[in-house]
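# Breakdown of the fold
Read off the chains here:
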Amino acid sequence: LLQERPGLVLACSALKSSYRTALSNNAQAIFVFLDVPEDELLMRLKKRQGHYAGDALFKGQMAALEKPTEGERRHFTVPGGGSMEEVHRRVHTALAAEIGGHRP
């Protein structure tokens, strides 16, 4: 789908660098890493009602997480704390800069 539909947004955890490498076979892929403190993530998870991801899954995902490094192509990190509107604005600004060739 990523190769067939330019501009497609795919939301996934892509916790490991190898997962992002597999997804980036599409040269147009841009990765956004929302950097959220672990305690805030856990707080958000506990507020979710009836969500399948409990504490055990959370701990495993945090242990597996490989944050993007400068060596990974076409990615950027934005702070993921705050309101959804704030995060959206940060991502939009960073994407516009990435697409325009000027990183924020």
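Predicted model, so just to flag it, every value in this text is computed and none were measured.

What follows deals with the overall build of the chain. Within the chain one finds 4 helices and 2 strands. Shown N-terminal to C-terminal, the secondary structure of the chain runs as helices and strands in the order α-β-α-α-β-α. Out of the 104 residues belonging to the chain, those deemed buried represent 24%. Within the chain, contacts between residues separated by at least 24 positions form 58% of all contacts whose residues are at least 6 apart in sequence. Carbon and sulfur atoms make up 56% of the accessible area of the chain, which totals about 7600 Å².

The full count for this structure, using the stated rule, is 4 salt bridges. Linking K16 and E66 is a salt bridge whose minimum nitrogen-to-oxygen distance equals 3.9 Å. Linking K16 in the segment before α1 (17-23) with E66 in the loop between α3 (55-64) and β2 (75-79), this pair joins segments that are 50 residues apart in sequence. Judged by relative accessible area, K16 falls into the partly exposed class, the value being 27%. You can call E66 partly exposed: its relative accessible area is 33%. Here E72 and R20 are joined by a salt bridge, their closest N and O atoms 2.7 Å apart.

A positive phi angle, close to 40 degrees, is found at A14, a residue other than glycine. With respect to the helices, strands and loops of the structure, A14 is situated in the segment before α1. Given the relative accessible area of 11%, A14 is considered buried.

A word on the side chain of E72. Mapped onto the secondary structure, E72 falls in the loop between α3 and β2. For E72, a relative accessible area of 16% puts it in the buried group. Sequence-distant contacts of E72, defined by excluding residues within four places in its chain, comprise S17, R20 and K67.

Another aspect to go through is the nonpolar core. In terms of nonpolar packing, the biggest core is built from 5 residues, these being F76, V78, V87, V91 and A94. At the level of secondary structure, the elements contributing two or more residues to this core comprise β2 and α4 (84-99). Considering every element that reaches this core, the biggest residue donor is α4, with 3 residues. With sequence-adjacent residues up to four places away left out, V87 is seen in contact with L34, P79, G80, G81 and G82.

Helix length check: α4, at 16 residues, gives a terminal C-alpha distance of 22 Å against a target of 22 Å (1.5 Å per residue), a fit within 8%. On its buried face, α4 is in contact with β1 (31-35) and β2.

What counts as what
Residues numbered from 1 in each chain as written. Predicted model: local features only at pLDDT ≥ 70, side-chain atom pairs only at ≥ 80, totals over all residues. Heavy atoms only, no water. Helix = DSSP H or I, 4+ residues; strand = E, 2+ residues; numbered from the N terminus. Buried < 20%, exposed > 50% of the residue type's maximum accessible area, 1.4 Å probe, protein only. Contact = heavy atoms within 4.5 Å. Areas by Shrake-Rupley, 256 points an atom, 1.4 Å probe, with all protein chains shown as cover. Salt bridge = Lys/Arg side-chain N within 4 Å of Asp/Glu carboxyl O. Core = buried A, V, L, I, M, F, W, Y, C linked by side-chain atoms within 4.5 Å. Expected span 1.5 Å × (residues − 1).

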